[in-house]
Amino acid sequence: MGSAANARRQESAIAKLGDLQERIEAAEGRLGEINKRKAELESSRVDEKEMNDALESFVPIWDTLSPREQARVVQLLVERVAYDGETLAITFRPTGIKALSQEGAP
């Protein structure tokens, strides 16, 4: 009877190890997806040079835009504006500068 109990314990341990292996593989797959998404986000990030270049050329361009074009620029750059009676918070679109430069490119 002892060997039957040992066999059941071994089978249970093997089943648990198989279960753990499946969970590890699923976690590794998810990690790969997360790393891919992270790389996508990092590639769409605006660096300091891009921001400086865009800001340097912004004012003269703004002055030449029609009100409709100015509204479009704001739509591309600003995601949300919130005012709670005391504080004004402006949330910019993370890829707004790139979208603006791509839309304005010939």
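Conventions we followed
- Residues numbered from 1 in each chain as written.
- Predicted model: local features only at pLDDT ≥ 70, side-chain atom pairs only at ≥ 80, totals over all residues.
- Heavy atoms only, no water.
- Helix = DSSP H or I, 4+ residues; strand = E, 2+ residues; numbered from the N terminus.
- Rg over C-alpha atoms; globule rule 2.2 N^0.38 Å.
- Buried < 20%, exposed > 50% of the residue type's maximum accessible area, 1.4 Å probe, protein only.
- UniProt positions renumbered as here; feature names shortened; annotations may be inferred.
- Patch = residues over 30% accessible without salt bridge, like charges linked within 9 Å, V, L, I, M, F, W, Y side chains within 5 Å.
- Areas by Shrake-Rupley, 256 points an atom, 1.4 Å probe, with all protein chains shown as cover.
- Salt bridge = Lys/Arg side-chain N within 4 Å of Asp/Glu carboxyl O.
- Lys, Arg positive; Asp, Glu negative; His and termini not counted.
- Charge placed at Lys NZ, Arg CZ, Asp CG, Glu CD.
- Pairing = 2+ DSSP bridges.
- Expected span 1.5 Å × (residues − 1).
- Bend = angle between axes of the 7 residues up to and from the residue.

Okay, the overall build of the protein next. Broken down by element type, the protein carries four helices and two strands. Start at the N end of the protein and walk to the C end: the helices and strands fall as α-α-α-β-β-α. Expected size for 106 residues packed as a compact globule is a radius of gyration near 13 Å; at 27 Å, the protein overshoots this value by more than 25%. In terms of its C-alpha atoms, the protein occupies a principal-axis envelope of roughly 90 × 40 × 25 Å. With 106 residues in all, the protein has 7% of them scored as buried.

Turning next to the environment of A27. Position of A27 among the secondary structure elements: in helix α1 (residues 2-43). Each C-alpha atom, one on A27 and one on A99, is 34 Å from the other, the two residues being 72 residues apart in sequence.

UniProt annotation of "coiled-coil region" (unreviewed entry) refers to residues 10-44 when read in the numbering used here. Annotated as 97% helix and 0% strand, the span residues 10-44 places its first and last C-alpha atoms 51 Å apart.

Turning our attention to a negative patch on the surface. Taken together, D19, E22, E25 and E28 make up a surface patch of like negative charges. Looking at where D19 falls in the secondary structure, it is placed in helix α1. Judged by relative accessible area, D19 falls into the partly exposed class, the value being 44%.

Quick look at the pairing of strand β1 (residues 78-83) now. Across five bridges, β1 lies against strand β2 (residues 88-92) in antiparallel orientation. Looking across to β2, one finds that V78 is bridged to F92. Linking two consecutive strands that pair antiparallel, namely β1 and β2, is a turn of four residues; a positive phi of about 100 degrees is found at G85 within it.

What follows concerns helix α2 (residues 48-64). Between the first and last C-alpha of α2 there are 25 Å, a value that for 17 residues agrees with the 24 Å anticipated at 1.5 Å per step. At F58, α2 shows its strongest bend, of approximately 45 degrees, with the proline P60 following within four residues.

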